[in-house]
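Listed below are the residues making up each chain.
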Amino acid sequence: MKIPLSRPEIRRADSAAVNAVLRGPRLSLGKKLEEFERAVASYAGAKHAVAMNSGTSALHVALAALGVGPGDEVIVPSFAFIAVANAVCHAQATPVFVEIEPDTLTLDPVAVERAIARKTRAIVVVHTFGCPADMGKLLTIARRHRIALIEDACEAIGAEFRGEKVGSLGRAGIFAFYPNKQMTTGEGGVLITNDDKLTARARRLRNQGRGASRDWLDQEEIGFSYRLPELNCALGISQLKRLDSVIRRREKIAKEYARGLAGNSDIELPRLKFPDRRISWFTYTVRLSPRFTRADRDAIVKQMAERGIECGRYFAPIHLQPSYRRIGRRSGDLSLTEATAERTISLPFFNRMTGREVGTVSRTLARLLQG
Ligand SMILES: *Cc1c(COP(=O)(O)O)cnc(C)c1O
C-alpha cells in the first residue's frame with residue numbers, strides 16, 4: 001500500500017526508552033509500570049490508572065471488578081469495535097445492543113434509557129472514532145437508575161466533554177494502545193477510575209487474583225494474566241509525552257480532509273466541531289450518500305486498494321455477527337446502525353500523513369464515486 005489506513009509513529013526517543021528497559025533487570029511489574037500508570041492518570045484527570053496488556057483486557061477487568069457476572073445485562077452499542085461485546089461475554093454477562101445517534105455515531109441516550117431492565121448492571125459507552133458521546137445525558141440516566149457507566153475511550157484518548165477528558169467521567173474509563181490508535185504501546189490498555197476499591201480489585205484481577213502483599217498464600221480471588229510488560233510501559237511513557245501535539249496534528253489532518261472533500265453530495269463528512277466537546281481524531285470516517293449500496297461501498301474500498309490506498313469499513317454491526325446472533329439481545333430498532341454500517345468508509349489517517357496524501361485520497365475517492 002502506498003497510503004496505509006494507519007501507521008504508528010515511533011521516534012528515536014521511543015526506541016531509546018524501550019532499549020533502556022532491556023538493559024535493566026526488570027521486564028515486568030517494575031518502575032516503568034508505576035510511572036506509566038501515574039502519567040496516564042495525571043493526563044486524563046483521574047485518581048488511579050491500572051495498565052493491562054490490551055484495551056479488551058481492561059474492559060473485561062472493569063466489568064469483573066464492578067461485579068458484573070452471569071445473569072447480568074450490559075448495554076453496549078452495536079456500531080462499535082467487537083471488543084466491547086466480547087468483554088461483556090468474557091464477564092459471562094449478556095450484551096444488549098442499543099442504537100446510536102446520527103451525528104456522533106455514539107450511544108443514543110433515549111434508546112439507552114428505553115433498554116434499561118431489571119437485569120441491567122452497566123452501560124458501556126464508546127466514544128467512537130474519538131468523538132465524545134453525550135456524557136451529560138448518559139451520566140444522568142446512569143445515576144437515576146443506579147447503574148455503572150463505563151467509558152470505552154479506546155478511540156478517544158485526549159477528547160473532552162465540557163472541558164473534562166473523556167474516560168474520567170464515568171465509574172471507570174478505558175484507553176487502548178494498539179498500533180492504530182493515537183498513541184501506542186504495541187499492545188496495551190489502561191483502566192482509569194477515581195474509585196479506590198475498584199482500583200485495588202482491578203490490580204488484583206490483572207495479576208491472577210494476587211493481593212497487594214504478594215504473599216505466598218494471597219490468592220483472594222481467581223484473576224487473569226493481563227500484565228503489561230515494562231518494555232511497553234516505557235514506550236507508552238515516551239509516546240504520552242507527545243500526545244497533545246499528536247492530537248493537534250490529527251485535528252489538522254481532519255480539517256484538510258474536510259476541505260478536500262467539501263461540496264460533494266455523494267459524501268457525508270463527519271462533524272468537525274461541537275460547542276461542548278473536543279474530538280480526538282482516531283479515524284476520518286465518511287458516509288456515502290443513500291444512493292450507494294453496501295456492494296457499491298465494498299467495490300469502492302477495493303478500487304481504492306487497487307490504487308494503493310487502504311481504506312477500512314468501520315464498523316460491521318455486532319448484533320449481525322454470527323457469533324452474536326445467538327447470545328446478544330437487541331433492544332428496539334437498530335436500523336440506523338445497519339444503514340450507517342453499510343455506507344461508511346474510513347480513510348487513511350495517521351500522525352505523519354501529509355497534505356499531499358490527503359489530497360490524493362480525496363481526489364481518488366471523488367473520482368471513483370463519479371463512476
Ligand atoms: C481498540 C479498541 C479496544 C481495545 O482493543 P485491544 O486491541 O484489545 O487493545 C476496545 N474498544 C474499542 C472501541 C477500540 O477501538
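The structure presented is a predicted model; accordingly, all values stated were derived computationally and were not measured.

Reading the values: the criteria
- Counting from 1, residues in each chain are numbered in the order their sequence is written.
- Local features in this predicted model are restricted to residues whose pLDDT is 70 or higher, and side-chain atom pairs enter the listing and the counts only when it is 80 or higher, whereas totals over whole chains, interfaces and linings include all residues.
- The basis for the side-chain values is all heavy atoms of the structure; hydrogens and waters are excluded.
- Secondary structure follows DSSP: runs of H or I at least 4 residues long count as helices, runs of E at least 2 residues long count as strands, and numbering of each begins at the N terminus.
- Throughout, the radius of gyration refers to the C-alpha atoms, and the reference size of a globule is 2.2 Å times the residue count to the power 0.38.
- Note on exposure labels: buried denotes an accessible area under 20% of the residue type's maximum, exposed denotes more than 50%, and partly exposed covers the range between, all computed with a 1.4 Å probe on protein chains only.
- Note on definitions: a residue-residue contact is assigned when non-hydrogen atoms from the two residues lie within 4.5 Å.
- Accessible surface area values rest on a Shrake-Rupley calculation with a 1.4 Å probe, where residue burial reflects the displayed protein chains alone.
- Under this rule, positive means Lys or Arg and negative means Asp or Glu; His and the chain ends count for nothing.
- The location of each charge is read from NZ of Lys, CZ of Arg, CG of Asp or CD of Glu.
- The rule for a residue being near a molecule or strand is that one of its heavy atoms must lie within 4 Å of it.
- Whenever two N or O atoms come within 3.5 Å, that pair is a polar contact, provided that in protein one can donate a hydrogen and the other can accept it, and provided that, for residues adjacent in sequence, both atoms are side-chain atoms.
- All residues other than Ala, Val, Leu, Ile, Met, Phe, Trp, Tyr, Cys, Pro, Asp, Glu, Lys and Arg, Gly among them, are scored as polar; the first ten of these are nonpolar and the last four charged.
- Paired strands, as defined in this entry, are two strands with at least two bridges between them according to DSSP.
- Note on method: axes are straight lines fitted to C-alpha atoms, helices fitted across the in-contact stretch only, with angles between N-to-C directions ranging 0 to 180 degrees.
- Site definitions follow a grid-based scheme: protein atoms alone, a 1 Å grid, a 1.4 Å probe that fits but cannot get out for cavities, and for pockets an open set with protein on both sides within 12 Å along at least five of seven lines, plus lining residues having an atom within 4 Å of a point.
- Grid points are joined across faces, edges and corners, and a volume is the space filled by probe spheres set on the points.
- Put simply, two rings from Phe, Tyr or Trp (the six-membered ring, in Trp's case) pair if the centres are within 6.5 Å, and we call them stacked under 30 degrees between planes, edge-to-face over 60, tilted for the rest.
- Here, a charge over a ring is recorded when the distance from Lys NZ or Arg CZ to the ring centre is within 6 Å and its angle to the ring normal is within 35 degrees.

With that out of the way, let us pick up the overall build of the chain. Counting secondary structure elements, the chain contains 13 helices and 14 strands. Relative to the compact-globule value of 21 Å for 371 residues, the chain shows a C-alpha radius of gyration of 21 Å, a close match. Classification of the 371 residues of the chain by burial places 57% in the buried group. Long-range pairs, those at least 24 residues apart, make up 71% of the contacts in the chain between residues at least 6 apart in sequence. Accessible area for the chain stands at about 16400 Å²; split by element, carbon and sulfur atoms hold 50% of it. Here the chain contributes 58 positively and 40 negatively charged side chains, and the mean placements of these two sets differ by 3 Å.

So, about the site of the ligand. In the region of the ligand, the neighbouring residues are Ser54, Gly55, Thr56, Phe81, Ala83, Val126, Asp152, Cys154, Glu155, Ala176, Lys181 and Gly188. Separating an oxygen atom of the ligand from a side-chain N or O atom of Ser54 is a distance of 3.5 Å. In this structure, an oxygen atom belonging to the ligand sits 2.6 Å away from a side-chain N or O atom of Glu155. Burial of the ligand by the surrounding chains reaches 92%, relative to a free accessible area of 390 Å². Residues of the shell around the ligand, tallied by class, amount to five nonpolar, four polar and three charged.

Turning to the side chain of Thr337, a few remarks are in order. With respect to the helices and strands, the residue Thr337 is situated in helix 12 (residues 335-343). Looking at Thr337, the relative accessible area reads 0%, which means it is buried. Within polar-contact distance, the side chain of Thr337 engages the side chain of Glu99 at 2.5 Å. When residues no more than four places from it in sequence are discounted, the contact partners of Thr337 are Ser78, Phe79, Glu99, Ile100, Pro317 and His319.

As a further point, take the sheet that holds strand 10 (residues 267-268). Overall, antiparallel pairing links the three strands, which are arranged 10-12-14 in an open sheet. Sheet topology places strand 10 and strand 14 (344-347) at the edges, where each strand pairs with a single neighbour. Sheet analysis places strand 12 (residues 284-288) next to strand 14, joined by four bridges and oriented antiparallel. When the bridges of strand 14 are listed, Tyr284 appears paired with Leu347. Packed on one face of the sheet, helix 9 (residues 243-261) meets strand 10, strand 12 and strand 14 and runs near 25° to strand 12. Contacts from helix 10 (residues 294-306) reach strand 12 and strand 14 within the one sheet, and its direction differs from that of strand 14 by about 20°.

Using the criterion set out here, one finds three cavities of 30 Å³ or more in the structure. What the largest cavity holds in volume is close to 150 Å³. Along its surface, the largest cavity is lined by 14 residues, and Thr104, Phe129, Cys131, Pro270 and Arg271 are the ones closest to its centre. In this model, the second largest cavity occupies a volume close to 100 Å³. The wall of the second largest cavity is formed by 17 residues, among which Pro8, Glu9, Lys181, Gln182 and Asn351 lie closest to the centre. Looking at the lining of the second largest cavity residue by residue, the classes come out as six nonpolar, six polar and five charged.

The relative placement of two aromatic rings is captured by the distance of their centres and the angle of their planes. Taken as a whole, this structure holds nine aromatic pairs when the rule is applied. Ring centres of Tyr257 and Tyr284 lie 4.8 Å apart, and the angle between their planes is 15°; this geometry places the pair in the stacked category. Here Tyr284 lies in strand 12 and Tyr257 lies in helix 9, a separation of 27 residues in the sequence. Each member of the pair, Tyr257 together with Tyr284, is buried. Put simply, the rings of Phe79, Phe129, Tyr314 and Phe315 pair up and form one aromatic cluster. Positioned over the ring face of Tyr43 is Lys165, at 4.7 Å from the centre of the ring. When the ring centre of Phe274 is taken as reference, the NZ or CZ atom of Arg271 above it lies at 4.0 Å.

Attention shifts here to unusual backbone geometry. In most cases, non-glycine residues show a negative phi, while peptide bonds are predominantly trans. Residue Phe315 is bonded to the preceding Tyr314 through a cis peptide linkage, with omega at -10°. Turning to its location among the elements, Phe315 is positioned in the loop between helix 10 and helix 11 (322-325). The backbone of Leu105 shows a phi angle near 60°, a positive value even though the residue is not glycine. The topology assignment puts Leu105 in the loop between strand 3 (94-98) and helix 5 (109-115). For Leu105, a relative accessible area of 6% gives the class buried. Phi is positive for Gln208, close to 65°, though the residue is something other than glycine.

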